[in-house]
Amino acid sequence: TPYEEGDKVAIGSKVYLCEGKFSMVCKRFGPQDNGGPQAWTDLGSCTGSIAPTSSPTFDPDTPGCPDEYVAGTPYEEGDRVAIGSIVYSCEGDFAIKCKHF
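As a starting point, this report considers the structure included with it. (Residues numbered from 1 in each chain as written. Predicted model: local features only at pLDDT ≥ 70, side-chain atom pairs only at ≥ 80, totals over all residues. Heavy atoms only, no water.)

1. Observations concerning the environment of P2
Stage number 1. Here P2 lies in the segment before β1 (8–11).
Stage number 2. If near-sequence neighbours (up to four positions away) are discounted, P2 is found in contact with C26 and K27. (Helix = DSSP H or I, 4+ residues; strand = E, 2+ residues; numbered from the N terminus. Contact = heavy atoms within 4.5 Å.)

If you want it as structure tokens, here you go:
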């Protein structure tokens, strides 16, 4: 797949970002290919919250895995939590209820 600068991919549980002056390398090499590490930045691992797609999308303001859900925590709209390998976001008309669970 010919990736472009800013694309993120997951291989297993590792997440990589195509960036930098060698980002054109992403069109030919994956993060683990010979020559790929010049353009791909290892963002760490995250089990289950980012799936590879042909056109990855990712919110740069919320990189990586969120904290584990803790019952009784007064979460606010926009907060993200993980339960196991599933990520949940508090948003929309029901955001007020996030404070009570």
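Structure's up, so let's keep going.
2. With respect to the packing of aromatic side chains
Stage number 1. Applying the stated criterion to the full structure yields two aromatic pairs.
Stage number 2. Between the aromatic rings of Y69 and Y75, the centroid separation amounts to 5.8 Å while the plane-to-plane angle is 25°, which identifies the pairing as stacked.
Stage number 3. Overall, the relative accessible area of 13% leaves Y75 in the buried class. (Phe/Tyr/Trp six-rings, centres within 6.5 Å; stacked < 30°, edge-to-face > 60°. Buried < 20%, exposed > 50% of the residue type's maximum accessible area, 1.4 Å probe, protein only.)

3. Here we look at the pairing of strand β2 (residues 14–18)
On any regular strand, side chains alternate: one points to one face of the sheet, the next to the other face.
Stage number 1. Along β2, four of the five residues are buried, which leaves the element largely enclosed by surrounding structure.
Stage number 2. Relative to β2, β1 is paired through four bridges, and the arrangement is antiparallel. Following the sheet pairing, K8 is matched in β2 by L17.
Stage number 3. If you look at the hairpin formed by β1 and β2, you'll find two residues sitting between the two strands, and G12 has a positive phi there, around 65°.
Stage number 4. Of the pairings in the sheet, the one linking β2 to strand β3 (residues 40–45) comprises five bridges and is antiparallel in character. Within β3, the position partnered with L17 by the bridge is T41. (Pairing = 2+ DSSP bridges.)

4. Comments concerning a nonpolar patch on the surface
Stage number 1. The grouping of Y69, I83, I86 and Y88 at the surface amounts to a nonpolar patch, some 370 Å² of accessible area in total.
Stage number 2. As for its position among the elements, I83 is in strand β4 (residues 80–83). (Patch = residues over 30% accessible without salt bridge, like charges linked within 9 Å, V, L, I, M, F, W, Y side chains within 5 Å. Areas by Shrake-Rupley, 256 points an atom, 1.4 Å probe, with all protein chains shown as cover. Salt bridge = Lys/Arg side-chain N within 4 Å of Asp/Glu carboxyl O.)

5. Things to note about the sheet that holds β3
Stage number 1. Taken in spatial order, the three strands line up as β1-β2-β3 in an open sheet, and their pairing is antiparallel. Whereas interior strands pair on both sides, the edge strands pair on one side only; in this sheet they are β1 and β3. Neighbour-to-neighbour, the strand axes of the sheet open up by a mean angle of 30°, direction not taken into account. (Axes fitted to C-alpha atoms, helices over the stretch in contact; angles between N-to-C directions.)

6. Here we look at the state of the cysteines
Stage number 1. If you walk through the whole model with that rule in mind, you get one disulfide.
Stage number 2. What pairs with C18 in a disulfide is C26, and their sulfur atoms sit 2.0 Å apart. One disulfide, between C18 and C26, carries an S-S torsion of 110° and so falls in the right-handed class.
Stage number 3. For C18, a relative accessible area of 0% puts it in the buried group. (Disulfide = S-S within 2.5 Å.)

7. With respect to the environment of G6
Stage number 1. Relative to the helices and strands, G6 resides in the segment before β1.
Stage number 2. Expressed as a C-alpha distance, the spacing of G6 and S23, which sit 17 residues apart in the sequence, is 8.6 Å.

8. Side note on the pattern of salt bridges
Stage number 1. Inspection of every chain in the model, using the stated rule, returns one salt bridge.
Stage number 2. With a shortest N-O distance of 2.9 Å, K14 and D42 are connected by a salt bridge. Taken as a pair, K14 in strand β2 and D42 in strand β3 lie far apart in primary sequence, 28 residues in all.

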